[in-house]
Amino acid sequence: MLVDGDDHNEPVADAVRGILDGHIVMERAIAERGRYPAINILKSISRTMPRAADPAFLPSINRARQVMATYSDMEELIRLGAYRPGSSADVDEAIALH
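These remarks concern the structure in this document. (Residues numbered from 1 in each chain as written. Predicted model: local features only at pLDDT ≥ 70, side-chain atom pairs only at ≥ 80, totals over all residues. Heavy atoms only, no water.)

1. Some words on the environment of E27
At step 1: Relative to the helices and strands, E27 resides in the loop between strand 1 (22–23) and helix 2 (28–32).
At step 2: Between the C-alpha atoms of E27 and P37, which are ten residues apart in sequence, the distance is 9.3 Å.
At step 3: When residues no more than four places from it in sequence are discounted, the contact partners of E27 are A38, N40 and K43. (Helix = DSSP H or I, 4+ residues; strand = E, 2+ residues; numbered from the N terminus. Contact = heavy atoms within 4.5 Å.)

This is how it looks when you write it as structure tokens:
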């Protein structure tokens with residue numbers, strides 16, 4: 001379902017998300033940076049993914065999401081230069097992998 005103006009909280013979009021087994025969130029800002037498909041991994045959800053993916057890969061998938069979430073949480077401070085390396089091992093790892 002395509003939502004107008006990226007408003008994912010509109011009533012119809014919210015109802016559809018509640019019915020479906022998952023949703024993919026695409027973002028214009030990601031596309032503008034040249035990454036295609038412009039999927040926001042952290043905002044996209046699949047309730048069937050744990051059963052659909054090879055169980056051997058689930059720890060790697062979950063770890064990748066954790067690293068992406070850590071970087072996303074600190075991205076503004078990193079870009080501004082306000083983050084001091086060594087302050088957090090998790091953030092340092094996320095920066096290294098980004």
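Picking up where we left off.
2. Topic: the side chain of S44
At step 1: By the secondary structure assignment, S44 is in the loop between helix 2 and strand 2 (45–46).
At step 2: Looking at S44, the relative accessible area reads 11%, which means it is buried.
At step 3: In this structure the side chain of S44 is engaged in a polar contact, spanning 2.8 Å, whose partner is the backbone oxygen of N40.
At step 4: In this view, S44 contacts H23, I24, V25, I39 and R65; residues no more than four positions away in its chain are not counted. (Buried < 20%, exposed > 50% of the residue type's maximum accessible area, 1.4 Å probe, protein only. Polar contact = N/O pair within 3.5 Å; in protein donor to acceptor, adjacent residues only side chain to side chain.)

3. As for the environment of P55
At step 1: Its place among the elements puts P55 in the loop between helix 3 (49–52) and helix 4 (58–80).
At step 2: Classification of P55 as exposed rests on a relative accessible area of 60%.
At step 3: Sequence separation of P55 and L97 is 42 residues, and the distance between their C-alpha atoms is 23 Å.

4. What to know about the pattern of salt bridges
At step 1: Enumeration according to the criterion identifies three salt bridges in this entry.
At step 2: Residues R63 and E93 are paired through a salt bridge, measuring 2.3 Å at the closest nitrogen-oxygen approach. Here R63 is found in helix 4, whereas its partner E93 is found in helix 5 (residues 89–97), with 30 residues between them in sequence. (Salt bridge = Lys/Arg side-chain N within 4 Å of Asp/Glu carboxyl O.)

5. Thoughts on the layout of surface pockets
At step 1: Here the largest pocket defines a volume of roughly 530 Å³.
At step 2: Taken together, 20 residues form the lining of the largest pocket, with R33, R35, M68, Y71 and H98 sitting closest to its centre.
At step 3: For the lining of the largest pocket, the secondary-structure elements that each account for two or more residues are helix 2, helix 4 and helix 5.
At step 4: The element contributing the most residues to the lining of the largest pocket is helix 4, with eight residues.
At step 5: Its residues assigned to classes, the lining of the largest pocket shows eleven nonpolar, three polar and six charged. (1 Å grid on protein atoms, 1.4 Å probe; cavity = no way out; pocket = protein on both sides within 12 Å on 5 of 7 lines; lining within 4 Å. Points joined across faces, edges and corners; volume = space filled by probe spheres on them. Nonpolar A, V, L, I, M, F, W, Y, C, P; charged D, E, K, R; others polar.)

Taken by themselves, the reported measurements are silent on function.
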